[in-house]
Amino acid sequence: MAQTVQVPDRAQDRIAADPERGHRHRPRTGRRVPVGPYLLIAPALALIGVLILYPIGQLFWMSFHKIGSREARGAAPAENVGLENFRTILGDPFFYRVLVNTVVSAAVMVLATLVLGTLVGLLLNRLGRRMSLLVSSGAMLAWATPGISAAIVYKWLFTPGGGIVPWFLDALPDWLAGGGWDDYNWFGSRGTTYFVLVLCVVWQSFPFIAVAVLAGLKSIPDELFEAARCDGAGPLRTFREITFPLLKPVLLVLTVLSIIWDFKVFAQLYFLSGGTANRDSFNLAMYAYSSAVAFPAKYGLGGAIALILTVILLVFTGFYVRVMVRQGETS
């Protein structure tokens, strides 16, 4: 009997070995977009829209309208005044004095915070593990303190007639510190008010800088410092030629963040200056608040000042994002 010989179909064998080959000839009609990731980030996007984007939109709308108490309650429609609020602000000489207060105080706060935070970070790097943990934990308590609580503490420290600082200065010899500190009002003038404000803000801010600098120092190889010691380099030269260049990206990011934070200081200044009575000590945040809640209320004018402050902060935020992107590309 003749036997039937079956010749294997090589094409079928190739398809069986690689099932995807059988589908390559089929044209794709459409690509399915996975919706799972978008569903996962939807709550966060909704929260951002409610807490950030909506208030910014309302602020932008208020800046171009004349809004008082009746308009805020809905008893009367808001009048569209165009750029009138911005013309009023930019034409007021007091705005530029407030802008100078904001820029100068923020510059002093940022510089003092970075210098003190860097020095503390270098100290933490030289301490032992347990002592470094103890000191950094204690410093972070100051950073975690709410701003209004820190302002209460510093108000008490400098209160005339009972504060520790006036008592200490009055206890010193007259040839060293002068006299009359026990009755001196530290919050009666712009200079002394901002002096206490700078101390308060720097005390709260430097722990974050110190911990960030410590993290940056831990990433620097020890071989570089050993080579510097072998070459006879001292501490200052080692910091100038090794530590600072390698910490520069970290310090740049911290500088931008500090500028953003210190430009919008409000709670500490409001409490230390005793509200809105001392107009000489206003910064932009206080100026916007005072213009909005003063009698008669001018919410549109306050919104325009707040929008100017927001634009300034957005410029620094954009610079911060640019720095972060550049660091991500070079890392």
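Scope of this entry: the structure provided in the associated data block. (Residues numbered from 1 in each chain as written. Predicted model: local features only at pLDDT ≥ 70, side-chain atom pairs only at ≥ 80, totals over all residues. Heavy atoms only, no water.)

### Some thoughts on the pattern of salt bridges
Pairs may arise between side chains of opposite charge once their charged atoms sit close together. Keep this limit in mind: By definition here, a salt bridge exists when the distance from a side-chain nitrogen of Lys or Arg to a carboxyl oxygen of Asp or Glu is within 4 Å. Helix and strand definitions follow DSSP, with helices as H or I runs of at least four residues and strands as E runs of at least two, each counted in order from the N terminus. Classification of residues uses two cut-offs on accessible area relative to the type maximum, computed with a 1.4 Å probe and protein chains only: under 20% is buried, over 50% is exposed, and between them is partly exposed.
Following the criterion strictly, the structure yields three salt bridges and no others. For the salt bridge of arginine 237 with glutamate 241, the shortest nitrogen-to-oxygen distance reads 3.4 Å. Linking arginine 237 with glutamate 241, this pair stays in helix H12 (residues 235-263), spanning four residues, or about one helical turn. By relative accessible area, which is 47% here, glutamate 241 ends up partly exposed. The salt bridge partner of glutamate 241 is arginine 240, with a shortest N-O separation of 4.0 Å. A relative accessible area of 51% means that arginine 240 is categorised as exposed. Residues joined in a network through salt bridges with shared partners are Arg237, Arg240 and Glu241.

### Looking at H12
Quick reminder of the rule: One less than the number of residues in a helix, times 1.5 Å, gives the span that helix is expected to have. Note on bend: at a given residue it equals the angle between the axes fitted to the 7 residues ending there and to the 7 starting there.
When the terminal C-alpha atoms of H12 are compared, their 34 Å separation across 29 residues is substantially less than the 42 Å that a helix rising 1.5 Å per residue should span. If you look at H12, its biggest bend is around 55°, right at lysine 248, and the proline proline 249 turns up within four residues after that.

### Some details on the packing of helix H10 (residues 190-218) against H12
Here is the rule: The axes used here are C-alpha line fits, helices contributing only the stretch in contact, and every angle between their N-to-C directions lies in the interval 0 to 180 degrees. These descriptions rest on fixed angle ranges, namely under 35 degrees for roughly parallel, over 145 for roughly antiparallel, 65 to 115 for roughly perpendicular, and the rest for oblique. Helix crossings get a hand from a simple test, with the near helix turned counterclockwise from the far one by less than a right angle marking a left-handed crossing and a clockwise turn marking a right-handed one. Any two residues whose heavy atoms approach within 4.5 Å are treated as being in contact.
Look at H10 against H12: their axes get within 10 Å of each other, and the N-to-C directions meet at 150°. Classed by the angle they form, the pair H10 and H12 counts as roughly antiparallel. Here the hand of the crossing between H10 and H12 comes out right-handed. Between H10 and H12, the contacting residues are Val201, Ser205, Phe208, Ile209, Ala212, Val213, Gly216 and Leu217 on the first element and Thr243, Leu247, Val250, Leu251, Leu254, Ser258, Trp261 and Asp262 on the second.

### A short note on the layout of surface pockets
Rule in force here: Residues are said to line a cavity or pocket when one of their atoms sits within 4 Å of a point; the points come from a 1 Å grid over protein atoms alone, cavities being sets where a 1.4 Å probe fits but cannot get out and pockets being open sets with protein on both sides within 12 Å along at least five of seven lines. Grid points are joined across faces, edges and corners, and a volume is the space filled by probe spheres set on the points. When residues are grouped by polarity, Ala, Val, Leu, Ile, Met, Phe, Trp, Tyr, Cys and Pro land in nonpolar, Asp, Glu, Lys and Arg in charged, and all others, Gly among them, in polar.
The space that makes up the largest pocket amounts to roughly 590 Å³. Taken together, 17 residues make up the lining of the largest pocket; nearest its centre are Asn125, Arg126, Phe225, Arg229 and Thr243. The element best represented in the lining of the largest pocket is helix H5 (residues 93-126), accounting for five residues. Computed from the structure, the second largest pocket encloses a volume of approximately 280 Å³. Every residue along the wall of the second largest pocket is listed here: Trp143, Thr145, Pro146, Gly147, Val201, Gln204, Ser205, Trp261, Asp262, Lys264, Val265 and Gln268. Only H10 and H12 provide two or more residues apiece to the lining of the second largest pocket. Looking at the lining of the second largest pocket, the element that brings in the most residues is H10, giving three residues. Here the lining of the second largest pocket is composed, by residue class, of five nonpolar, five polar and two charged.

### Side note on the nonpolar core
Applied cut-off: Among buried residues, those of type Ala, Val, Leu, Ile, Met, Phe, Trp, Tyr and Cys that are joined through side-chain atoms within 4.5 Å constitute a nonpolar core.
Within the largest apolar cluster, 56 residues are counted, with the highest numbers of intra-cluster contacts made by Ile89, Phe158, Val196, Leu197, Val213 and Tyr287. No other element matches H10, which puts 11 residues into this core. Counting residues in hydrophobic clusters, the runner-up holds five residues, among them Val120, Leu124, Phe206 and Leu214.

### Quick look at the packing of aromatic side chains
Basically, it comes down to this: Here a pair means two rings of Phe, Tyr or Trp (six-membered ring of Trp) with centres within 6.5 Å. Their orientation is stacked below 30 degrees between planes, edge-to-face above 60, and tilted elsewhere. Two conditions define a charge located above a ring, namely a distance within 6 Å from the ring centre to NZ of Lys or CZ of Arg, and an angle within 35 degrees of the ring normal.
By the definition in use, this model includes 19 aromatic pairs. Taking 6.2 Å as the distance between ring centres and 65° as the angle between the ring planes, the aromatic pair formed by phenylalanine 94 and phenylalanine 282 counts as edge-to-face. Residue phenylalanine 94 is found in helix H5, and its partner phenylalanine 282 is found in the loop between helix H13 (267-272) and helix H14 (284-293); the two are separated by 188 residues along the sequence. Across this residue pair, the class does not change: phenylalanine 94 and phenylalanine 282 are buried. Ring centres of tyrosine 184 and tryptophan 186 lie 5.4 Å apart, and the angle between their planes is 90°; on these two criteria the pair is classed as edge-to-face. Here the aromatic cluster, defined as three or more aromatic residues joined through ring pairs, consists of Phe94, Phe95, Tyr96, Phe282 and Tyr287. Lying across the ring of phenylalanine 271, lysine 155 places its NZ or CZ 5.9 Å from the centre.

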